[in-house]
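# Geometric and topological summary
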Amino acid sequence: MEKLNIWRNIENVKQSSPLVHNITNYVAMNNTANALLASGASPVMAHAEEEVEGMVTISGALVINIGTLSRHWVAAMKKALIKARLLNKPVILDPVGAGATSYRNRMLAELLETGKFSAIRANASEILSLASVSHQTKGVDSTNTAEEALKAAQYLSQKYECTISVSGPEDYIINKEKKAKILNGHPIMSKVTAMGCTATAIAGAFLAVEPDTFQAVFSAMAFMGVAGELAAKISKGPGSFQVNFLDKLYNISKDEFLTTIKFSNYEY
Amino acid sequence: MEKLNIWRNIENVKQSSPLVHNITNYVAMNNTANALLASGASPVMAHAEEEVEGMVTISGALVINIGTLSRHWVAAMKKALIKARLLNKPVILDPVGAGATSYRNRMLAELLETGKFSAIRANASEILSLASVSHQTKGVDSTNTAEEALKAAQYLSQKYECTISVSGPEDYIINKEKKAKILNGHPIMSKVTAMGCTATAIAGAFLAVEPDTFQAVFSAMAFMGVAGELAAKISKGPGSFQVNFLDKLYNISKDEFLTTIKFSNYEY
Amino acid sequence: MEKLNIWRNIENVKQSSPLVHNITNYVAMNNTANALLASGASPVMAHAEEEVEGMVTISGALVINIGTLSRHWVAAMKKALIKARLLNKPVILDPVGAGATSYRNRMLAELLETGKFSAIRANASEILSLASVSHQTKGVDSTNTAEEALKAAQYLSQKYECTISVSGPEDYIINKEKKAKILNGHPIMSKVTAMGCTATAIAGAFLAVEPDTFQAVFSAMAFMGVAGELAAKISKGPGSFQVNFLDKLYNISKDEFLTTIKFSNYEY
């Protein structure tokens, strides 16, 4: 992928301001709404079973995040997923806490069964759990290394025909044909809640404007990583980081983006 | 309205610290609680059907916001509205996303049927939808212009005998006899989530201390607009704006308020 | 308690990064997650009846906060409490709004009946209500003074065999044998929502690493008070305070902690 294409996607989000429908967790709602607004997108949060289909219909993308899931929310997620599949809208999944409880794993299996996902974004441990859930075996998550997570991501990208992003000190974007690694970001980002959820929501905005799911997710993760890295440089801790991060999503310049972004591409 | 009367209302909120009961959306809860505290009011958020009547009883005003509505929440809103009507407590409605889905429109119609509202605050598009819902016709929202929204607001103010605030680049406050326009605020406010919800909640606090609903809402919107404008001047984006906005609600001086406020009054 | 022991507990939280399971209110979720992360702990928020037992099992402590309680949440709290009792996990209760409605009082009585609490943290008015609820009499809350609250706290510490923290301009930590007073903090903290909830959640993290509940809660309240006091010194209002507070929880140094902490110990 070319730097200028990534920047073009960032500009596209800011110019077309896609409506992104989030069925997400209570902790992340405010953060993700603000990050989407700062990025130029239009967020809507709605979870009532009676209206999720209507919201999907008018939205450019759907974000499903299971962070604080419960029965009624899963039911609404399913309705939204079926509608999105019918209307061919892009959908991204954030399997927060995959592997933490058996309930979470069961619900993830049901959601993956119900929807057609364009992308999944998660950390290494969640990706390993997800592959394990899909795999019906415990083998995959035996050694929780980054290497194993990348294999699991490749497996998931083939099984669900989607783009997988594995977040961490280095971010990976993977589909069945290629892989990219982004080297931006900063450790302070792991000391702020819902940064992963924010990455997923921003990827939702990019999926709404860029039909190539690999390029969309790649661009979103690059945008997050660069904004985070630039924000961290002028922050004294996780409080000021949050402030500077939103400011940077909003006011990032082409020049600072192009001189900060660091990544590599691989073909299998 | 006189500048000094507006300032007196701001001081009244800070001195009497009214308890404001919010049944509001998940995205806005934290923002509105903090904005109410910074303004000198006391927020309470409670939505259990078993206790909303008790909360209304001890509160100075009730704020109903449908941002992330669902069945049980609407049921609680109705109980709270009936109690507030009985006790003659001021109530303000924020019809977030009116017009976005038919469910939202139906629930709004039921809430407007159930409660006695002192005021409604919304953006132009929501006001047009609300008038359309009340009107049982689609004519009103045919052309979504500011002009049309003001007519719709006038219609709503007559129908529901309440004060309407139409927020946007210019804020309008309207009742059946008069109209005022506030020229403060800043475009960055549209890049921060729940700023409208915050305006509604602050108006709730002013309704608790000022029985004239026009003056209460006018004062609240002037307070919001001036604080927002002053905060925007020293901000680099939507992150720092949020910080500076809360600081300014808290530490605004009489002098900076009186020299910044810009408005005009009209009689019909 | 010795200053150096308190600092050792702060370091222990940062080094062992305990997983703290929060069943808490919507307003406080984001704040408490961020405060726990900034303090070095790992927060998890989960409230589905289907998974709270699983979350308790993998967590180092459980935080129960009734701020925006409702039927399903109380049911989940009870399940989590029973599991925590079985596994002997430390639990802390934040009885937000105790006394505000009869529903809240009834639910608190049920929760206190169901769980074994290591600690309760609340303000004076809530402590008085809680003692009244437990007491089946209205005598206790007749005069809402700090003196009365301390008596009520002592009564509660004996009845529930736990440590009680009474927050206010001065923070008290009380068990059946001893009492300590912390003189840090700043009035601006009362103008930020969920600061009490944050104190409770942080105390949860300390309970996960320090088995002596008095020392755990004392250390947590000292950490909160010192970080708050240092943050307030460089803040212009409740917006910048929140930013500086999170930064300070994250980057507080041993030296600034030891030179700022002010407290006194009492034996009965």
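What you see is a predicted model; the values in this text were computed from it and never measured.

### Quick look at the overall build of chain A
Helices and strands together make up the secondary structure of chain A, namely 11 helices and 9 strands. A globule of 268 residues ought to have a C-alpha radius of gyration of about 18 Å, and chain A, at 17 Å, matches this closely. Considered along the principal axes of its C-alpha atoms, chain A spans approximately 45 × 40 × 35 Å. Taking as baseline every contact in chain A between residues at least 6 positions apart, the subset at least 24 positions apart corresponds to 72%. Of the roughly 9,400 Å² that chain A leaves accessible, carbon and sulfur atoms contribute 51%. On chain A, the mean spot of the 26 positive side-chain charges and the mean spot of the 24 negative ones are 2 Å from each other.

### Some remarks on the packing of helix α10 (residues 238-251) of chain A against helix α10 (residues 238-251) of chain B
Direction vectors running N to C along α10 of chain A and α10 of chain B enclose 130 degrees, while the axes themselves pass 5 Å from each other. Of the possible angle classes, the one that applies to α10 of chain A and α10 of chain B is oblique. Between α10 of chain A and α10 of chain B, the residues in contact are Val 243, Leu 246, Asp 247 and Tyr 250 of chain A and Pro 238, Gly 239, Ser 240, Gln 242 and Val 243 of chain B, respectively. Here the residues of the contact of α10 of chain A with α10 of chain B are counted per class, giving 5 nonpolar, 3 polar and 1 charged.

### Some remarks on the interface of chain B and chain C
Counting residues at the interface gives 25 residues for chain B, matched by 24 residues for chain C. Buried surface at the junction of chain B and chain C, both sides included, amounts to about 2,100 Å², of which 58% is carbon and sulfur. Across the contact surface, chain B and chain C share 2 salt bridges. In this structure, Arg 104 of chain C and Glu 51 of chain B form a salt bridge, with 2.5 Å as the shortest nitrogen-oxygen distance. At the junction of chain B and chain C, the tally comes to 10 residue pairs in polar contact (both at pLDDT 80 or more). Listing elements by their share of the side of chain B that touches chain C, those giving two or more residues are α2 (29-39), α3 (52-58) and α10 of chain B. Residue composition of the side of chain B that touches chain C, by class: 15 nonpolar, 7 polar and 3 charged.

### Some remarks on the relation of the copies chain B and chain A
These two copies of the chain differ by a rotation about an axis and a displacement along the same axis. Structural alignment of chain B on chain A gives an RMSD of 0.0 Å, achieved by rotating through 120 degrees and translating 0.0 Å along the axis. Here the symmetry operator amounts to a three-fold rotation axis. Judged by C-alpha distance, Tyr 26 of chain B is the residue of chain B that lies nearest the rotation axis, at 3.9 Å. Little of the interface of chain B is mirrored in chain A, where only 8% of its interface residues again form contacts.

### So, the environment of Ser 125 of chain A
Residue and element names in this part refer to chain A. Topologically, Ser 125 is positioned in helix α6 (residues 124-135). By relative accessible area, which is 34% here, Ser 125 ends up partly exposed. Along the backbone, Ser 125 and Ile 188 are 63 residues apart, and their C-alpha atoms lie at a distance of 19 Å.

### Let's talk about helix α8 (residues 195-209) of chain B
Helix length check: α8 of chain B (15 residues) gives 22 Å between terminal C-alpha atoms against 21 Å at 1.5 Å per residue, within 8%. In terms of burial, α8 of chain B is a largely internal element, 13 of the 15 residues being buried.

### Comments concerning the relation of the copies chain B and chain C
By a simple turn and slide, chain B fits onto chain C: the slide is 0.0 Å along the axis, the RMSD is 0.0 Å, and the turn is 120 degrees. Little of the interface of chain B is mirrored in chain C, where only 8% of its interface residues are also at the interface.

### Focus on the side chain of Asn 30 of chain A
The topology assignment puts Asn 30 of chain A in helix α2 (residues 29-39). Within polar-contact distance, the side chain of Asn 30 of chain A engages the side chain of Asn 31 of chain B at 2.5 Å.

### Looking at the sheet that holds strand β4 (residues 91-94) of chain B
Residue and element names in this part refer to chain B. Read from one edge of the open sheet, 9 strands run β2-β1-β3-β4-β5-β6-β7-β8-β9, paired in mixed fashion. Strands at the two margins of the open sheet, each flanked by one partner only, are β2 (42-45) and β9 (263-267). Each neighbouring strand pair of the sheet contributes to a mean axis angle of 20 degrees, computed without reference to strand direction. Here 3 bridges tie strand β6 (residues 163-167) to strand β7 (residues 171-174), and the two strands are oriented antiparallel to one another. Bridged to Ile 164 within β7 is Ile 174. Where α8 meets the sheet, its contacts fall on β1 (19-23), β3 (61-65), β4 and β5 (119-123), and the angle it forms with β4 comes to roughly 170 degrees. Against the sheet, helix α9 (residues 213-233) touches β5, β6, β7, β8 (178-182) and β9, its axis set at about 10 degrees to β8.

What counts, and where the lines are drawn
- Residues numbered from 1 in each chain as written.
- Chains lettered and ligands numbered in written order.
- Predicted model: local features only at pLDDT ≥ 70, side-chain atom pairs only at ≥ 80, totals over all residues.
- Heavy atoms only, no water.
- Helix = DSSP H or I, 4+ residues; strand = E, 2+ residues; numbered from the N terminus.
- Rg over C-alpha atoms; globule rule 2.2 N^0.38 Å.
- Contact = heavy atoms within 4.5 Å.
- Areas by Shrake-Rupley, 256 points an atom, 1.4 Å probe, with all protein chains shown as cover.
- Lys, Arg positive; Asp, Glu negative; His and termini not counted.
- Charge placed at Lys NZ, Arg CZ, Asp CG, Glu CD.
- Axes fitted to C-alpha atoms, helices over the stretch in contact; angles between N-to-C directions.
- Parallel < 35°, antiparallel > 145°, perpendicular 65-115°, else oblique.
- Nonpolar A, V, L, I, M, F, W, Y, C, P; charged D, E, K, R; others polar.
- Buried area = accessible area lost by both parts, 1.4 Å probe.
- Salt bridge = Lys/Arg side-chain N within 4 Å of Asp/Glu carboxyl O.
- Polar contact = N/O pair within 3.5 Å; in protein donor to acceptor, adjacent residues only side chain to side chain.
- Least-squares fit on C-alpha atoms with pLDDT ≥ 70 in both.
- Buried < 20%, exposed > 50% of the residue type's maximum accessible area, 1.4 Å probe, protein only.
- Expected span 1.5 Å × (residues − 1).
- Pairing = 2+ DSSP bridges.

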